[in-house]
Amino acid sequence: MDRSPQSLEIVFNPLPDEALSRLVSEHVVKLNMARTGASDWHPVGFFLRSPRGEWLGGLTGYIWGRWLHVNFVWVSDALRGQGHGTRLMDAAEAMAVERGSIGATLETFTSQAPGFYAKRGYSVFGRIDDYPPGHSKLFLSKRFDV
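All of these numbers come straight from a predicted model, not from anything done at the bench.

J.: I'd like a rundown of the overall build of the protein chain, residues and numbers included.
T.: On a plain count of helices and strands, the protein chain comes out with three helices and six strands. Counted from the first residue to the last, the protein chain has its helices and strands arranged as α-β-β-β-α-β-α-β-β. The principal-axis extent of the C-alpha atoms belonging to the protein chain is close to 55 × 40 × 35 Å. Considering the protein chain as a whole, with its 146 residues, one finds that 26% of them fall into the buried category. Considering only intrachain contacts with a sequence separation of at least 6, the fraction spanning at least 24 residues in the protein chain is 50%. By element, 57% of the accessible surface of the protein chain is carried by carbon and sulfur atoms, the whole surface being about 10,200 Å². Put simply, the protein chain has 16 plus and 15 minus side-chain charges, and the middle of one group is 6 Å from the middle of the other.

As structure tokens, this is what we get:
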């Protein structure tokens, strides 16, 4: 099989199916585990569902290397400000602590809810201004072990 750079095709696929996305993420996770020796990886997913079965919010992320990383937190517009984001974060952080995590990280934007995370004890450790123009991307962390 010819695997020279010239023989391999680059395929543009902005919406890969779940299997292709999983192929990439699983290989990155395996490489990180092999290079660090930290092999305790756990997906995290907590969701808000109405009595009628409607999905009205959720939190996704993972625990690895004794840290929780929150990828996404979403609560429907109609339910914002009623404590549901707090409930989702509490559930994820409790799971992380149960699994021995020492802290959590996440990314947000100044146009989203940085104040929400600050009230939860998260601190900004990095910032990219004008991402998108007129806003900033923020990188936050929180220690559980202090």
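Right, picking up where we left off after that structure.
J.: Please give an account of the side chain of H69 that cites residues and values.
T.: The residue H69 is located in strand 3 (residues 67–75) in this model. A polar contact is formed between the side chain of H69 and the side chain of N71, at a distance of 3.5 Å. For H69, the side chain forms a polar contact with the side chain of T105, separated by 2.6 Å.

J.: I'd like a description of a nonpolar patch on the surface, backed by residues and values.
T.: Among the surface-exposed residues, L20, L23, V24 and V28 lie close enough to one another that they form a single nonpolar patch of about 330 Å² accessible area. Within the fold, V28 resides in helix 1 (residues 18–36). A relative accessible area of 45% places V28 in the partly exposed class.

J.: Can you tell me about the environment of G81, naming the residues and giving the values?
T.: Take G81: it is sitting in the loop between strand 3 and helix 2 (84–98). Remark: the alpha-carbon pair of G81 and A38, spanning 43 residues in sequence, is separated by 37 Å.

The rules behind the values
- Residues numbered from 1 in each chain as written.
- Predicted model: local features only at pLDDT ≥ 70, side-chain atom pairs only at ≥ 80, totals over all residues.
- Heavy atoms only, no water.
- Helix = DSSP H or I, 4+ residues; strand = E, 2+ residues; numbered from the N terminus.
- Buried < 20%, exposed > 50% of the residue type's maximum accessible area, 1.4 Å probe, protein only.
- Contact = heavy atoms within 4.5 Å.
- Areas by Shrake-Rupley, 256 points an atom, 1.4 Å probe, with all protein chains shown as cover.
- Lys, Arg positive; Asp, Glu negative; His and termini not counted.
- Charge placed at Lys NZ, Arg CZ, Asp CG, Glu CD.
- Polar contact = N/O pair within 3.5 Å; in protein donor to acceptor, adjacent residues only side chain to side chain.
- Patch = residues over 30% accessible without salt bridge, like charges linked within 9 Å, V, L, I, M, F, W, Y side chains within 5 Å.
- Salt bridge = Lys/Arg side-chain N within 4 Å of Asp/Glu carboxyl O.

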